[in-house]
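What the coordinates show
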Amino acid sequence: QVQLVESGGGLVQAGGSLRLSCAASGLTFSSSAMGWFRQAPGKEREFVAAITSNGGSTHYADSVKGRFTISRDNAKNTVYLQMISLKPEDTAVYYCATGRRVAWDIRSRYGYGYWGPGTQVTVSS
């Protein structure tokens, strides 16, 4: 059974930093692409970042490019999202995802079959 557990969320002032972690189990992590998505109140879940199974390729939403970095440690079955220069508009529940459906673009939420419960990130102005 695939399980994803996010951690590292919290309350931070604008301009601050956070690092989110997502620990995965029940899958061959080193063969799995991973994604981060977020959902703000009243909005649809949106793509944030993704990384291929070997970490060789990363993808970012335009809104976070240059401020967020996705990385992974296959020895620890963990994917990270380093976030700097946070803005109030980054406030959302952040989810990690895996179980890629290759018929969908890596940036599409429909392209993932497994999701974590999410971690809240709140950026105050």
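Read on for an overview of the structure. Treat the numbers as computed from the prediction; the structure is a model and nothing was measured.

1. A word on the overall build of the protein
Scanning the protein from terminus to terminus reveals zero helices and 11 strands. Its C-alpha radius of gyration of 13 Å places the protein within 12% of the 14 Å reference for a compact globule of 125 residues. Taken along its principal axes, the extent of the C-alpha atoms in the protein is 40 × 30 × 25 Å. Scored against the burial criterion, the 125 residues of the protein give a buried share of 42%. Here the contacts in the protein between residues at least 6 apart in sequence split such that 56% fall between residues at least 24 apart. Summing over all exposed atoms, the protein offers an accessible surface of approximately 6,200 Å²; the carbon and sulfur share of this is 47%. Distance from the positive charge centre (13 side chains) to the negative charge centre (8 side chains) of the protein: 3 Å.

2. Notes on the sheet that holds strand β1 (residues 3–7)
Strands belonging to one sheet form pairs held by backbone hydrogen bonds; the direction of such a pair is parallel or antiparallel. Pairing in this open sheet of four strands is antiparallel, and the strands run β1-β3-β8-β7 from one edge to the other. Each edge of the sheet is formed by a strand with only one pairing partner; in this case those strands are β1 and β7 (68–73). Across the sheet, the axes of successive neighbouring strands diverge by a mean angle of 15°, strand direction being ignored. Looking at chain direction, β1 and strand β3 (residues 18–25) are connected through five bridges and run antiparallel. Bridge pairing links glutamate 6 to cysteine 22 in β3.

So, how was this worked out
- Residues numbered from 1 in each chain as written.
- Predicted model: local features only at pLDDT ≥ 70, side-chain atom pairs only at ≥ 80, totals over all residues.
- Heavy atoms only, no water.
- Helix = DSSP H or I, 4+ residues; strand = E, 2+ residues; numbered from the N terminus.
- Rg over C-alpha atoms; globule rule 2.2 N^0.38 Å.
- Buried < 20%, exposed > 50% of the residue type's maximum accessible area, 1.4 Å probe, protein only.
- Contact = heavy atoms within 4.5 Å.
- Areas by Shrake-Rupley, 256 points an atom, 1.4 Å probe, with all protein chains shown as cover.
- Lys, Arg positive; Asp, Glu negative; His and termini not counted.
- Charge placed at Lys NZ, Arg CZ, Asp CG, Glu CD.
- Pairing = 2+ DSSP bridges.
- Axes fitted to C-alpha atoms, helices over the stretch in contact; angles between N-to-C directions.

The analysis is restricted to geometry; functional conclusions fall outside its scope.
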